[in-house]
Every structure is written in structure tokens, then in C-alpha cells.
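# Structural characterization, general
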Amino acid sequence: TQTPINQFHVFLSPPCEHNSAPERIREIFGLKYARQSEINATATYHLVKRVQHNIGDNDSVEVQIAKWSYVIRNLSRHCRDNPADKTSIRAVQIYIGKRRRALMFLRKVNFEKYCWLLHEVGIRPVAIHVAQGHLTMKETEERKKNFLHRKAIIKERRGKKLRMHLLRQQQTVQKRQRMQQLAKDTSAET
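Here's what I pulled together on the structure shown here. (Residues numbered from 1 in each chain as written. Predicted model: local features only at pLDDT ≥ 70, side-chain atom pairs only at ≥ 80, totals over all residues. Heavy atoms only, no water.)

## Observations concerning the side chain of Ser69
Topologically, Ser69 is positioned in helix α3 (residues 61–81). You can call Ser69 buried: its relative accessible area is 1%. Look past the residues within four positions of Ser69 in its chain and what remains in contact with it is Arg99, Val121 and Ile123. (Helix = DSSP H or I, 4+ residues; strand = E, 2+ residues; numbered from the N terminus. Buried < 20%, exposed > 50% of the residue type's maximum accessible area, 1.4 Å probe, protein only. Contact = heavy atoms within 4.5 Å.)

Right under this line is the structure:
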């Protein structure tokens, strides 16, 4: 069966080509009578166009996440209709895992771009799971700030320890040199 076009309204913008053609011609050559593969290709093209950095960008994390999100939506719909199709269910799980790992990477690298991509693609933000339970996004951000603050303090302490160690080492070397100098001076006097 053919999927109605209104299910892809998140990804498709209204067609701007062929505005001068009669409505019946636009309808025939539009996506209403298109095959599913054509609908998928068009939807993917528009989605990638919205998130890519430049025209040739097909490999960035944002583009991959957007493509995987579209595949996940299609496969999820298929899995709801065909619950006995275990291969597709496994494929959805694989794509969800890939997308989750890519989102966590993007979240670590550029949090603003992560938030923008969630909004642009239509993914719900998921809080990081902690042993006590799930956290809200605000709590997650507070913990992230605290973690980064603690990390900076530890780095500073390590720097102090290293400086103290180097200072002690330098003092030991100076002490040895003084002892050697003193030993030379004493042997020269005798």
C-alpha cells in the first residue's frame, strides 16, 4: 500500500517548482502518485538539505543523524504494521543505537548544535540515565557543569602537584651539586 503524503509533512516543504503548470499536472507529477522509493528519496533530500553544512556535505554527524532518524521512522512504522518481521525490528534497534551514539558524540562536542539538530529533525531530547533514575535536561546540564568544574579543579591540583614535584626535584639536584662542590672544596684544601 502507498503511504499517504501527509505523514511526511515534517520533512517535505511545499513544492516550489512547476508553479506555472496546471494543478492537475502538478498533482500527477508531484508526490501524491509517486512510488515509496521516490517519496523516501525526496524526503531524505529535503531533510539533508536542511541540516548539511554545505552543498556536498553528506558525511557530517548531523546529516547521518538526520538520515538515520528518517530510516528509524519508516522502519518503526513498518514494524508496527508487521510485528512478526524480526529482521526489521533488529534493524531499527541497530539504527537507534547508531543514532544515540552519534547524538552523544555531538552533545559532547557541540551542545548548541546538538540542541538545534534535535529541534530541526524532531527528536525528543533524552536525559542521561543515572542509577537513581532519569534526570531532566536541566539537571543533566547542571551535573555536566559540576563535572567540568570538578575536572578543572583536579587538573589544577595535578598541575600544583607536578610543579611541587619538579621544585623538589630541582632542590634535590641543587643540594647534590652543593654537596659535590663542598666535597671538591674540602678535597682541594687537603
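## Considerations on the nonpolar core
Residues Val51, Ile65, Leu103, Leu117, Val121 and Ile123 are the most contacted members of the largest nonpolar core, which totals 17 residues. Mapped onto this core, the elements with two or more residues apiece are α2 (36–51), α3, α4 (86–109) and α5 (111–121). In terms of residues, this core owes the most to one element, α3, which gives five residues. Discounting residues that sit within four places of it in the chain, Ile65 has contacts with Arg99, Ala102, Leu103, Leu106, Leu117 and Ile123. (Core = buried A, V, L, I, M, F, W, Y, C linked by side-chain atoms within 4.5 Å.)

## Some details on a nonpolar patch on the surface
Nonpolar side chains collect at one region of the surface, where Ile25, Ile28, Phe29 and Tyr33 lie side by side and expose about 440 Å² of accessible area between them. Mapped onto the secondary structure, Tyr33 falls in the loop between α1 (23–29) and α2. Overall, the relative accessible area of 46% leaves Tyr33 in the partly exposed class. (Patch = residues over 30% accessible without salt bridge, like charges linked within 9 Å, V, L, I, M, F, W, Y side chains within 5 Å. Areas by Shrake-Rupley, 256 points an atom, 1.4 Å probe, with all protein chains shown as cover. Salt bridge = Lys/Arg side-chain N within 4 Å of Asp/Glu carboxyl O.)

## Here's the deal with α3
Here α3 spans 30 Å end to end across 21 residues, near enough to the 30 Å set by a 1.5 Å rise per residue. Within the sequence span of α3, burial applies to Glu62, Val63, Ile65, Ala66, Trp68, Ser69, Tyr70, Ile72, Asn74, Leu75 and Cys79. At its buried positions, α3 is contacted by α2, α4 and α5. (Expected span 1.5 Å × (residues − 1).)

## Quick look at α2
With 16 residues, α2 extends 23 Å between its outermost C-alpha atoms, agreeing within 8% with the 22 Å of an ideal straight helix rising 1.5 Å per residue. Turning to α2, its buried residues number three or more, namely Ile39, Ala43, His46, Leu47, Val48 and Val51. Its buried side turned inward, α2 meets α3 and α5.

These values are about where atoms sit, not about what they do.
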